[in-house]
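Architecture and fold: a report
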Amino acid sequence: MEALRPILARVLERLEQVVEHWYQLYALHFGDTRSLSEPEFRDLFYTALSRNTKDLIEGDMDRYAIDTIRTGELLCERNVPFAEIIASLHLYEESAYTAFPTDPRPPLEIYTTFDKLSHIRMILLADAYFRSASASAGARIQALERQATLLARDKRSIFHGLVGSTPIMRRLYERIEAAAGTRGTILIVGESGTGKELVARAIHECGPEPSAPFVALNCAAVPKDLIESELFGYRKGAFSGANADYLGLFRAAEGGTLFLDEVTEMAAETQSKLLRAVQERTVRPVGSTKEMPVNVRLIASTNRDPEEAVRAGNLRQDLYYRLQAGVLSVPLLRERSDDIPLLVEHSIEFFNEKVHPRIPVRGIEEEALAAMLEYPWPGNVRELSNVIESAFTFGGSPMIRLQDLPANVGGSRLERALPNTNGSSSQSELPIGSFAEAERDLIARALKSTEGNKVQAAAMLRISRKKLYAKIEKYGL
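Procedures and definitions
- Residues numbered from 1 in each chain as written.
- Predicted model: local features only at pLDDT ≥ 70, side-chain atom pairs only at ≥ 80, totals over all residues.
- Heavy atoms only, no water.
- Helix = DSSP H or I, 4+ residues; strand = E, 2+ residues; numbered from the N terminus.
- Core = buried A, V, L, I, M, F, W, Y, C linked by side-chain atoms within 4.5 Å.
- Buried < 20%, exposed > 50% of the residue type's maximum accessible area, 1.4 Å probe, protein only.
- Contact = heavy atoms within 4.5 Å.
- Arc of directions from axis to C-beta.

**Structural notes on unusual backbone geometry**
- Cis peptide bonds are those with omega within 30 degrees of zero, and the linkage from D103 to P104 qualifies with -5°.
- In this structure, E262 is a non-glycine residue whose phi angle is positive, near 55°.
- Note on placement: E262 falls in the loop between β5 (257-261) and α11 (268-280).
- One non-glycine residue with positive phi stands out, namely H356, at about 50°.
- Here H356 is to be found in the loop between α14 (340-355) and β10 (363-364).

Below you can see the structure in the form of structure tokens.
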């Protein structure tokens, strides 16, 4: 920075010309799509650059960071796209170089340092921009949720990320609100894919401190010998590889909610320590002799029947008794099939935003929806979401068609809808509109999208590799 100071002084002296050149490049690059008019551009960036450059010359990096962060927040408030900001910062570098001395030119190290400074500026702007955007989005979501709570209970169809308007779902919404009114432990019971974590988040968001931490852990994903240190933390030197103190998830969730998914996968000894932490509201990090106070609400979940889990030794009886005071059961999708059209509509909106397909999907054809209503959905809402995502991947139509659905969902209805052809035909002479043709086309598209990688194609189609090879041979692909 010491070496860069004379260069920054030159940029500050010529700031009017630098900003003028910068705006010309900006207008040339973005044309009529630019977000800022010339007065807005000058007002925002001339003031910001003047402050930032003075901060750097004076060596006040804290002030520089604060001023840069404020600029990022202003850009977010004015809805300037982030891609436009990044491109504009590169254009600024080009404009700033016009203020550099030319005879002699600065050494390469000066350009390198100036470039590093630009990276720091981008990092600060990006952090401020997305924090501001996230806070704004969060405020809008909370406002919408508050409006939703004003709806009559028998009119609600979306509740804190949960989708459904059937009586069984509306009863669940009421129980979530009731559970959120206390700080007691909760056990959520439901098959895989029913949305247990969404229920846990809804309880947290309906509570008095929705902005407090919500920390989730899938107990099945953490080795049993590591889960204790993950939950309770550890002291430096407690074991090999413990090179620094680790807070642990209990203390990370201080004042908020700790959600333990699939708690029955936790070792019995750890369940005992978990029960003590909940009862005593203290944790003892691994390698420590002191108890640490914690203020955390515990929500656990399981995809097993809790009483059967107790009998099988997967859930300690004393822990179950502690959790038994607040049990929420999440309904299976096949128990609320009337919600399927609403879930499909919600998923289509979600994947249009996430995937940005070349042809936006507007809806689903009646035959395809009928097939989805007939399907038993063993994977529940998660499987339905995956089916819609698959239709986005392989379909090229503005409407999801029957042939866009996986064979296990739409195959039988597609077969029934086709005319019955008598007589045999060779494997290479597939009748037009047959189920075989739809299957062949689906496999061909999977192979094309994976560039011929049969392992990936089989995974995408959810069939074995052996079965895929048989189909490839059958259809002469």
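**Brief notes about the nonpolar core**
- Among the nonpolar cores identified, the biggest contains 39 residues, and F41, L75 and Y92 are the most heavily contacted of them.
- Breaking this core down by element, the ones donating at least two residues are α1 (5-13), α2 (15-30), α3 (38-57), α4 (61-77), α5 (82-96) and α6 (108-150).
- Beyond its immediate stretch of four places on either side in the chain, F41 contacts V19, W22, Y23, Y26, L36 and Y46.
- Grouped together as the second largest cluster of nonpolar side chains are 31 residues, L187, L249, F250 and L298 included.

**Some points on helix α15 (residues 366-374)**
- Within α15 the residues assigned to the buried category are A368, L369, A371 and M372. All buried residues of α15 lie within an arc of 155° about the axis, which places them on one face of the element.

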